[in-house]
Amino acid sequence: MASGDDDAKIKEISNIISKQEEETGRIIQEINALNNGQFVLAEDDKTDTIQQLEAANAKLAYQAVHLERSLQAELDKRNGPVDFSNGMINIIDKLSDVFGQAIKKSFPNIHNLPAVSVTLAQNEKFGDYQCNNAMTMAGVLKSQGVKMAPRQVAEQIVKNLPVTELIENYNIAGPGFINVKLNQKFLKQAVAELLVKGVKFQHSAQQCARVVIDYSSPNIAKEMHVGHLRSTIIGDCLANMFEYLGHDVLRLNHVGDWGTQFGMLIAHLTDMFPNYKETSPPISDLQAFYKQSKKRFDNDAEFKKRAYECVVKLQSKDPDFIKAWNLICDVSRKEFQLIYDRLRIGNLIERGESFYHELMPQAIKALEDKGLVVVEDGRKLVFPEGSQFPLTIVKSDGGFTYDTSDVACIKQRIFDEKGGILIYVTDSGQAAHFQAIYSVARKMGWYDPEETRVEHVGFGVVLGEDRKKFKTRSGDTVRLVDLLDEGLKRCEDKLKEKGRDKELTPDELKAAKESVAYGCIKYADLSHNRTNDYVFSFDKMLDDRGNTAAYLLYAYTRIKSISRVAKITKWELITAAKVARQEGGLQLVHPKEVKLARYLVRFPEILQRVCDDLTPHTLCDYLYELASVFTEFYDNCYCVEKDRKTGEIVKIHTNRLLLCEATTAIMDQCFKILGITPVHKM
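Not measured: the values here are computed from a predicted model.

### Some points on the overall build of the protein
Thinking step 1. When you go through the protein residue by residue, the secondary structure sums to 25 helices and 16 strands.
Thinking step 2. Expressed as lengths along the three principal axes of its C-alpha atoms, the size of the protein is roughly 145 × 90 × 40 Å.
Thinking step 3. The buried share of the protein, taken over its 682 residues, is 47%.
Thinking step 4. In the protein, the proportion of contacts linking residues at least 24 apart, taken out of those at least 6 apart, comes to 72%.
Thinking step 5. For the protein, the exposed area adds up to about 35,700 Å²; of that, 50% sits on carbon and sulfur atoms.
Thinking step 6. The distance from the centre of the 91 positive side-chain charges to the centre of the 95 negative ones in the protein is 6 Å.

Encoded structure:
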């Protein structure tokens, strides 16, 4: 038998075990509470620090609830009725937003999600647009140890797509392409809004910037040639586009108006016209004047010496030599302006080499202070990162170079002009030079590529039909004025061949001739990928079949004539458009009507691509496709029905006339951006 002492001992041990079990149970409960986020510390155990942290946590929790509600309200707004108050909708942007929400919701634990990829559907039978992220996401999941077939990923994304009035239906094709069909209700409303408000599409205020575009850039005392044509046309098109999108655009013409060549020109001027200070010299052919002075410079040592002395006096701002320099520049400016007026190039501000001459010493000092300048054989050099060759910013004789000018130029455009987007439009042969300039500017800390966009827009050369560099028969560079004159003559012959001179008034014929001639020259350039060389052919560009301005301008005038045939006024069409808008949108019944509407509403996404890539040919391709789709529509859908015997109008399809009106509105805006002037009669 156990003694009394043993019983006491057993009882004591039992009590200890019981307390330990209670403590263990309490600890387990606390651990579970911690795991479930439900642990509450006793008030007596809370220190001041813990109480402060609890208060801060409660405040954060309150803010989180409100942020979540605000976020949901914003999502509801974005996914609710489509808002046309700011103009046309960029459908790819909207769909990217919708799919972005679905992907985040489908894979909440995946950080650094790949960019959403929405493109036009590869086959219009399956839809209008497609999302291509399923394959990419499958790869991301696999890298994190999660095996999921792309099609399963697509199914998960589709399951989490928010409800939006933009999408009518969707389907999954192939390995995981998610095809989207646009809602007809959206299409109808979008076209009605376009008709009532016009072709309005702008970047938001946050996206807009000061855009500085450098283009054309002829040399004083030399005539503009076909090479200047490309820079002028491409630069003007990009400037038009950025202005249309709401940016503040500064168009600059970086003319070559300074340098040693002006010494020989001034020396020749003083010899040929010694009284130039009193009487303006009658220089009618500046190109011939330049050639004469160059010949003397190359063959006459005494003249060459005087030319260098003239340069020194010009750079020291001697009043007589500044006057001579201005006289020469003014003759060139007048010649340049005649070309710009013919091509309707406006708001181009001259900002020549002379403007930056005074800024060069400051730029050099900044480079020296930063420790980027290396002195070698008396020259001051800068070695840009990633460039094979150095920039020469000071020559051994102390003179400046184009490198110096361009370094001073980019500094001025960033700090004085406050440029948020800087674009230089020159031939592709200068690409390496400009990349070196940009590299130095970044090294100097003058701009951050994440905040300031700086790009060189390069272009290929113009070739003759023999696929050699475009030259005259004598081997000279083709003068731009001769090219424009030839275009006018050929276009007039073409119009007369078609009998248009008998149908149009003299003023209408002149307008049509200039519209087609200059439009064809511009479009032939812009419709090619700018980075490629292109063959210049008047026969091809004046052909009214295929992707040419002649075809598009004729198509435009034909569409414009439809409402005239129907005897419907502009005001009647506007009234009909407003009624359609109030009734939920323009009626789209025939498949070709729907197809045309789909092409019309694509305009904003096309412009965004041009803005991103700086490739005008993308807009040309869209314009040609739109005209082709309109032809399909017109061939299948009568806008005006007439009695076959009497020719009297028996029925007018107003919704189709409105589609015609919407098409010309989009074409009008495309022409404005491309710098082409359409006419209503041709």
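### Here's the deal with the UniProt feature "domain: Arginyl tRNA synthetase N-terminal" (unreviewed entry) in the protein
Thinking step 1. Under the present numbering, the feature "domain: Arginyl tRNA synthetase N-terminal" (unreviewed entry) in UniProt falls on residues 93-182.
Thinking step 2. Along residues 93-182 the backbone is 39% helical and 21% strand, and the end-to-end C-alpha distance reaches 14 Å.

### Considerations on the pairing of strand β5 (residues 210-214)
On any regular strand, side chains alternate: one points to one face of the sheet, the next to the other face.
Thinking step 1. The buried fraction of β5 is high, at four of five residues.
Thinking step 2. Taken together, the five bridges between β5 and strand β6 (residues 248-253) define a ladder with parallel strand orientation. Note that in β6 the partner of R210 across the bridge is D248.
Thinking step 3. Handedness of the β-α-β unit built from β5, helix α7 (residues 226-244) and β6 comes out right-handed.
Thinking step 4. Looking at chain direction, β5 and strand β11 (residues 421-427) are connected through four bridges and run parallel. Within β11, the position partnered with V212 by the bridge is L422.

### Some words on the environment of P281
Thinking step 1. Tracing the chain through its elements places P281 in the loop between α8 (261-272) and α9 (286-299).
Thinking step 2. The buried category is assigned to P281, whose relative accessible area is 10%.
Thinking step 3. As a C-alpha pair, P281 and S85 span 196 residues in sequence and 59 Å in three-dimensional space.

### Here's the deal with the UniProt feature "domain: DALR anticodon binding" (unreviewed entry) in the protein
Thinking step 1. The UniProt record annotates "domain: DALR anticodon binding" (unreviewed entry) at residues 552-682.
Thinking step 2. Across residues 552-682, the secondary structure splits into 69% helix and 5% strand, with the terminal C-alpha atoms separated by 12 Å.

### Quick look at the packing of helix α24 (residues 617-636) against helix α25 (residues 654-674)
Thinking step 1. Closest axis-to-axis distance for the α24/α25 pair is 11 Å, and the angle between their directions is 160°. The angle between the axes of α24 and α25 places the two elements in the roughly antiparallel class. The crossing of α24 and α25 is left-handed. The residues of α25 that touch α24, namely those facing L619, C620, Y622, L623, L626, F630 and F633, are R656, L659, C660, T663, I666, M667, C670, F671, I673 and L674.
Thinking step 2. Its residues placed into classes, the contact of α24 with α25 shows 15 nonpolar, one polar and one charged.

### Concerning the environment of E223
Thinking step 1. Mapped onto the elements of the fold, E223 is located in the loop between β5 and α7.
Thinking step 2. Sequence separation between E223 and L286 is 63 residues, and the spatial gap between their C-alpha atoms is 7.8 Å.
Thinking step 3. Each residue touching E223, except ones within four places of it in the same chain, is listed here: H228, Q287, R479 and V481.

### Thoughts on unusual backbone geometry
Thinking step 1. The backbone phi angle of A221 is positive, close to 75°, even though this residue is not glycine.
Thinking step 2. With respect to the helices, strands and loops of the structure, A221 is situated in the loop between β5 and α7.
Thinking step 3. Assessed through its relative accessible area of 1%, A221 is described here as buried.
Thinking step 4. Here L614, not a glycine, exhibits a phi torsion of approximately 55°, which is positive.
Thinking step 5. Mapping L614 onto the fold places it in the loop between α23 (603-613) and α24.
Thinking step 6. Residue classification places L614 among the buried positions, given a relative accessible area of 0%.

### Points about the sheet that holds strand β2 (residues 129-131)
Thinking step 1. Read from one edge to the other, the open sheet built from four strands follows the order β1-β2-β4-β3, with strand pairing classed as antiparallel. Two strands bound the open sheet, and with one partner strand each, they are β1 (118-120) and β3 (167-173). Ignoring which end each strand starts from, the neighbouring axes of this sheet average 30° apart.
Thinking step 2. Sheet topology note: the β3/strand β4 (residues 177-182) ladder contains six bridges and is antiparallel. Opposite A173, over in β4, you have F177 as the bridge partner.
Thinking step 3. Sheet strands touched by helix α5 (residues 150-159): β3 and β4. Its angle to β3, the strand with the most contacts, is close to 165°.

### Details of the pattern of salt bridges
Thinking step 1. A complete count under the given rule lists 40 salt bridges for this structure.
Thinking step 2. Across the salt bridge formed by K443 and E385, the nearest N and O atoms sit 2.9 Å from each other. Within this pair, whereas K443 is found in helix α15 (residues 431-443), its partner E385 is found in the loop between β9 (379-382) and β10 (391-394), the two being separated by 58 residues in sequence.
Thinking step 3. With relative accessibility at 43%, the residue K443 sits in the partly exposed group.
Thinking step 4. Salt bridges sharing common partners tie together R210, D248, R351 and E417.

### Some remarks on helix α4 (residues 133-143)
Thinking step 1. Along α4, the residues that are buried comprise N133, A134, M137, A138 and L141. Taken around the axis of α4, the buried residues stretch over an arc of 135°, which confines them to a single face. Exposed residues lying more than 90 degrees from the buried face of α4 are K142 and S143.
Thinking step 2. Elements that come into contact with the buried residues of α4 comprise α3 (91-106), β2 and α5.
Thinking step 3. Directly beyond the C-terminal end of α4, a positive phi value near 85° is found at G145.

### Focus: the packing of aromatic side chains
In this description, a pair of aromatic rings is defined by centroid distance and the angle of the planes.
Thinking step 1. Going through the model one piece at a time under the given rule, you end up with 14 aromatic pairs.
Thinking step 2. Geometrically, the ring pair formed by F297 and Y308 is edge-to-face, given 5.8 Å between the ring centres and 70° between the ring planes. Linking F297 in helix α9 with Y308 in helix α10 (residues 301-315), this pair joins segments that are eleven residues apart in sequence.
Thinking step 3. With relative accessibility at 16%, the residue F297 sits in the buried group.
Thinking step 4. With a relative accessible area of 43%, Y308 lands in the partly exposed category.

### Regarding the packing of helix α14 (residues 402-415) against α15
Helices that pack against each other are described as a pair by the angle of their axes relative to one another and the distance between those axes.
Thinking step 1. Remark: α14 packs on α15, axes separated minimally by 10 Å, with the N-to-C direction vectors making an angle of 50°. By the angle between their axes, α14 is oblique relative to α15. The way α14 lies across α15 gives a crossing that is right-handed. Listed contacts from α15 to D403, D406, V407 and I410 of α14 are H433, F434, I437, Y438 and A441.

### Description of the sheet that holds β6
Thinking step 1. Sheet architecture is open: five strands sit in the order β7-β6-β5-β11-β12, paired in parallel fashion. Only two strands of the sheet have a single neighbouring strand rather than two, namely β7 (348-350) and β12 (453-459). On average, each strand axis in the sheet is inclined to that of its neighbour by 25°, with strand direction left out of account.
Thinking step 2. Pairing of β6 with β7 involves three bridges; the strand directions are parallel. If you follow L252 over to β7, its bridge partner there is I349.
Thinking step 3. Contacting β11 and β12, α15 crosses the sheet at an angle of about 170° to β12.

Parameters at a glance
- Residues numbered from 1 in each chain as written.
- Predicted model: local features only at pLDDT ≥ 70, side-chain atom pairs only at ≥ 80, totals over all residues.
- Heavy atoms only, no water.
- Helix = DSSP H or I, 4+ residues; strand = E, 2+ residues; numbered from the N terminus.
- Buried < 20%, exposed > 50% of the residue type's maximum accessible area, 1.4 Å probe, protein only.
- Contact = heavy atoms within 4.5 Å.
- Areas by Shrake-Rupley, 256 points an atom, 1.4 Å probe, with all protein chains shown as cover.
- Lys, Arg positive; Asp, Glu negative; His and termini not counted.
- Charge placed at Lys NZ, Arg CZ, Asp CG, Glu CD.
- UniProt positions renumbered as here; feature names shortened; annotations may be inferred.
- Pairing = 2+ DSSP bridges.
- Right-handed = clockwise from strand over helix to strand, strands pointing away.
- Axes fitted to C-alpha atoms, helices over the stretch in contact; angles between N-to-C directions.
- Parallel < 35°, antiparallel > 145°, perpendicular 65-115°, else oblique.
- Left-handed = near helix turned anticlockwise from the far one by under 90°.
- Nonpolar A, V, L, I, M, F, W, Y, C, P; charged D, E, K, R; others polar.
- Salt bridge = Lys/Arg side-chain N within 4 Å of Asp/Glu carboxyl O.
- Arc of directions from axis to C-beta.
- Phe/Tyr/Trp six-rings, centres within 6.5 Å; stacked < 30°, edge-to-face > 60°.

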